[in-house]
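Architecture and fold: a report
In case you want the letters, here they are:
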Amino acid sequence: MKIGIDFGTSYSAAAAVIDGEVRTVRFGQERQFRTTVYFPEAVPDLDKFELDDAMEAEVEALVRSARAEQSRNPGQARRSDLELRRDAVRAVRRQWLERQVREARASAASLQNAVYGEEAVEAYLIEGFGNLVQSPKSMLGYQLAPHVRQTIVGIAGYILEHIRLNASQQFGANVRAAVLGRPVQFRSSMGAAGGDQALEILREAAAGAGFDDVDFLEEPVAAALGHHAQSAQRHRALVVDIGGGTSDITLAEVGGAQPPRVLGSWGIARGGVDVDLALSLSRFMPLFGKGATRVPAHHFVEAATVHDVIRQRDFQRRDAYRDVPDPFGPRLIALQDTGNTTRLSRAVEAAKVELSSRERNRAALDYIETGLFQEVLAPDLAAAAEGFLGFLSELLGEVSAQIDAPPQVVFLTGGMSRAPYVRAAVQRCFPDAQLVAGDPSLGVVSGLAFAALAGR
Ligand SMILES: Nc1ncnc2c1ncn2[C@@H]1O[C@H](COP(=O)(O)OP(=O)(O)OP(=O)(O)O)[C@@H](O)[C@H]1O
Ligand SMILES: [Mg+2]
C-alpha cells in the first residue's frame, strides 16, 4: 500500500485513497500534527571518566604552563604540583564532559524516546531539559556540519516512521511506499544545491524509516490533483498553497473526465514563519531591548528563530546580558531560560492567528516577568505581514505575466490561506478569477493520496 505524506514546515499529515475516498491518518484525535519532536537527552555517565593517554598529555601540558605562569609571577602564592595537577585534571574532565554531552545530543540512541506534535512541546516545557526540534524541514536546505546533518536525517526519519507506523496500524497493512510532498523551492542557504540536499536527506530519512519506495511530488501539483478530484467541470485553475515555510503555485487544467494537465509551477521560500519573525521583531523584541539598548540586532533574530537549533544554542549560552540596563537585561536572561524562546514564539504565532479573525490580541508573558504582557493590534500585524505579502504579490505578478490566459478559478490551500490579508493579496492579482477556499490543512495531502494511488 502506498500513502501520501505531507511533511510540512509547521504541520504534517498523511492519507491514502481507499475505495475511492481519501482517508487521512489520525494522530491522536487530529488529522495532522505539528512537525515537532522532543527527545530527552541521554544523560552521560560521569563515572566513566578515565584519563587516557591523550588526556594525560593534556594534563601534563596544563601543569607545565601553570608552573611557568607561577615562575613569571613570583609575588603570587605558590601552589603545589599536586594542586596544579588537580586543577588540570578538572579542566580536562570538563572538556570531556562537554564532548560527552555533545555526542549524546547527536546520537541516534537518544531519539528513541521521541515524542511528537503538540505533546512534544508540552513535554519539553514540563521537563525543562532535552531537545525540542521544531520545523526540521526548514533546515534541510542549509549548510550543515556532518554530525548536524546526521541528526537531521535521524529526526526526519523518526517523524516519517511515526507516520508510517500510524498509517500501517490504521490501514491494517504494512505501509512501505509513499509519495512525499516537496515545495517547488526549499528554504535554502545554498540555492539549488540546498534543494538537492533536502531531497537527499528526505530520501535517506525515508529509507531509515522503513520506506523502500519513495516518490516526490511538488506540493501545489498535489493540491491541484486534490482539487481536480472534487471538480465536475473542466476549468483552468491556479492552485495557491501558502504554508509555514513556502508559498507554492501550480497552474493546471482540472475537473471533468479528462486527466488533469499541469501547465506550470512556481514557488518562493517564504511563508507564515516569516510573518511570525517580523511580528516578533517589531512587537515583542522591543520588550527585550531591541532598539533601546546596544544588544546587537542579530541576538533578537536568534532568539526568535526557534527552528534553528544552532542559533538557539548561541542565544541561550551567551553570557552578555548582565550589564544590559533594567528592565531589558533581566528579561533577556529570563528569555534564555529553557523553553522560554519556544513559549514566546508560540505567543507570536498565536497572535498572528488570532488577528485573522479579531482586532486585537493580548499575550501574557509572566514567564519573563510577573505581570508583563504585550498587546498586538490589527495594524501591527498588517505592518509585520507587509514584507511577506510583497514577496507573494511579486510572485503572483510574475505568474500572471507568464501565463497566456488567466485562470477561471484560484484555489487556495495552506494554513496561511486562512488569513484575510493573504486572500485579499491573491484576489488583487487575479481580480476576475473565482476564489475557491480549499481545506487549508488537507489540500496537499489529499492530492498526494491520489498520486500514491496512481503510482501503486
Ligand atoms: N487562522 C490563521 N491565520 C493566519 N495564519 C494561520 C492560521 N492558521 C494557520 N496559520 C499559519 O499557517 C502556517 C501553517 O500552514 P501549513 O500547515 O499549510 O504549513 P506547512 O504545510 O506545515 O508548511 P509548508 O507547506 O510551507 O512546508 C503557519 O505559519 C500558521 O501559523
Ligand atoms: Mg504545506
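Residues numbered from 1 in each chain as written. Chains lettered and ligands numbered in written order. Predicted model: local features only at pLDDT ≥ 70, side-chain atom pairs only at ≥ 80, totals over all residues. Heavy atoms only, no water.

**Thoughts on the site of ligand 1**
Among the 20 residues in the neighbourhood of ligand 1, the closest are listed as Thr-9, Ser-10, Lys-137, Glu-349 and Ser-356. Between Glu-349 and ligand 1, the recorded distance is 2.6 Å, taken from a side-chain N or O atom to an oxygen atom. The element that contributes the greatest number of residues to the shell around ligand 1 is helix H11 (residues 340-354), accounting for three residues. Its residues placed into classes, the shell around ligand 1 shows four nonpolar, 11 polar and five charged. Two domains share the shell around ligand 1, each providing at least three of its residues, namely domain 1 (2-41 + 117-232 + 442-454) and domain 3 (273-376). (Near = heavy atom within 4 Å. Polar contact = N/O pair within 3.5 Å; in protein donor to acceptor, adjacent residues only side chain to side chain. Helix = DSSP H or I, 4+ residues; strand = E, 2+ residues; numbered from the N terminus. Nonpolar A, V, L, I, M, F, W, Y, C, P; charged D, E, K, R; others polar. Domains from an automatic or database assignment.)

**Structural notes on the domain arrangement of the protein chain**
Considered domain by domain, the protein chain is made up of domain 1 (2-41 + 117-232 + 442-454), domain 2 (46-106) and domain 3 (273-376). Using C-alpha coordinates to define each centre, domain 2 is positioned 39 Å away from domain 3.

**A word on the packing of aromatic side chains**
With the rule as written, the count across this model stands at four aromatic pairs. Sitting over the face of the ring of Tyr-367, Arg-343 holds its NZ or CZ atom 5.8 Å from the ring centroid. The ring of Phe-373 is capped by Arg-362, whose NZ or CZ atom sits 3.7 Å from the centre of that ring. (Phe/Tyr/Trp six-rings, centres within 6.5 Å; stacked < 30°, edge-to-face > 60°. Lys NZ or Arg CZ within 6 Å of the ring centre and 35° of its normal.)

**Topic: the sheet that holds strand E11 (residues 247-254)**
The strand order across the open sheet formed by five strands is E12-E11-E10-E15-E16, and the pairing between neighbours is mixed. Only two strands of the sheet have a single neighbouring strand rather than two, namely strand E12 (261-268) and strand E16 (434-437). For this sheet, the mean inter-axis angle between neighbouring strands, taken without regard to orientation, is 20 degrees. Bridge analysis of strand E15 (residues 409-413) against E16 gives four bridges, and the strand direction is parallel. Looking at the pairing, Leu-412 lines up with Ala-437 of E16. Its contacts with the sheet place helix H6 (residues 219-229) against strand E10 (235-242), E11, E12 and E15, and it is angled at close to 40 degrees to E11. (Pairing = 2+ DSSP bridges. Axes fitted to C-alpha atoms, helices over the stretch in contact; angles between N-to-C directions. Contact = heavy atoms within 4.5 Å.)

**So, the side chain of His-228**
Within the element layout of this structure, His-228 appears in helix H6. We classify His-228 as buried; its relative accessible area is 15%. Polar contacts involving the side chain of His-228 include one to the main-chain amide nitrogen of Gly-255, which spans 2.8 Å. Here His-228 is in contact with Arg-234, Val-254, Gly-255, Gly-256, Gln-258, Pro-259 and Pro-260, once residues within four sequence places are set aside. (Buried < 20%, exposed > 50% of the residue type's maximum accessible area, 1.4 Å probe, protein only.)

**Examining the environment of Glu-375**
Here Glu-375 lies in strand E14 (residues 373-377). Note on Glu-375: relative accessible area 25%, which makes it partly exposed. Residues Glu-375 and Asn-361, 14 residues apart in the sequence, show an inter-C-alpha distance of 5.6 Å. Residues in contact with Glu-375, not counting those within four places in the same chain, are Arg-283, Arg-360, Asn-361, Arg-362 and Asp-380. Polar contacts involving the side chain of Glu-375 include one to the side chain of Arg-360, which spans 2.8 Å.

**Section: helix H3 (residues 118-127)**
Ala-120, Val-121, Ala-123 and Tyr-124 are the residues of H3 that are buried. The buried residues of H3 all sit within an arc of 165 degrees when viewed along its axis, so they share a single face. Opposite the buried face of H3, by more than 90 degrees, sit the exposed residues Glu-119 and Ile-126. On the buried face of H3, the contacting elements are strand E5 (36-39), strand E6 (115-116), strand E7 (131-134) and H11. After H3 finishes, the residue Gly-128 shows a positive phi value of roughly 75 degrees. (Arc of directions from axis to C-beta.)

**Structural notes on helix H4 (residues 146-171)**
Residues spaced three or four apart along an α-helix face the same direction, because each turn holds 3.6 residues. Across its 26 residues, H4 extends 37 Å between first and last C-alpha, which sits within 8% of the 38 Å expected from 1.5 Å per residue. Just beyond H4, the residue with positive phi is Gly-172, at close to 60 degrees. (Expected span 1.5 Å × (residues − 1).)

**Section: a negative patch on the surface**
Among the surface-exposed residues, Glu-50, Asp-52, Asp-53 and Glu-58 lie close enough to one another that they form a single negatively charged patch. Within the secondary structure, Asp-52 sits in the loop between E5 and helix H1 (53-72). Here Asp-52 falls in the partly exposed class, since its relative accessible area comes to 38%. (Patch = residues over 30% accessible without salt bridge, like charges linked within 9 Å, V, L, I, M, F, W, Y side chains within 5 Å. Areas by Shrake-Rupley, 256 points an atom, 1.4 Å probe, with all protein chains shown as cover. Salt bridge = Lys/Arg side-chain N within 4 Å of Asp/Glu carboxyl O. Lys, Arg positive; Asp, Glu negative; His and termini not counted. Charge placed at Lys NZ, Arg CZ, Asp CG, Glu CD.)

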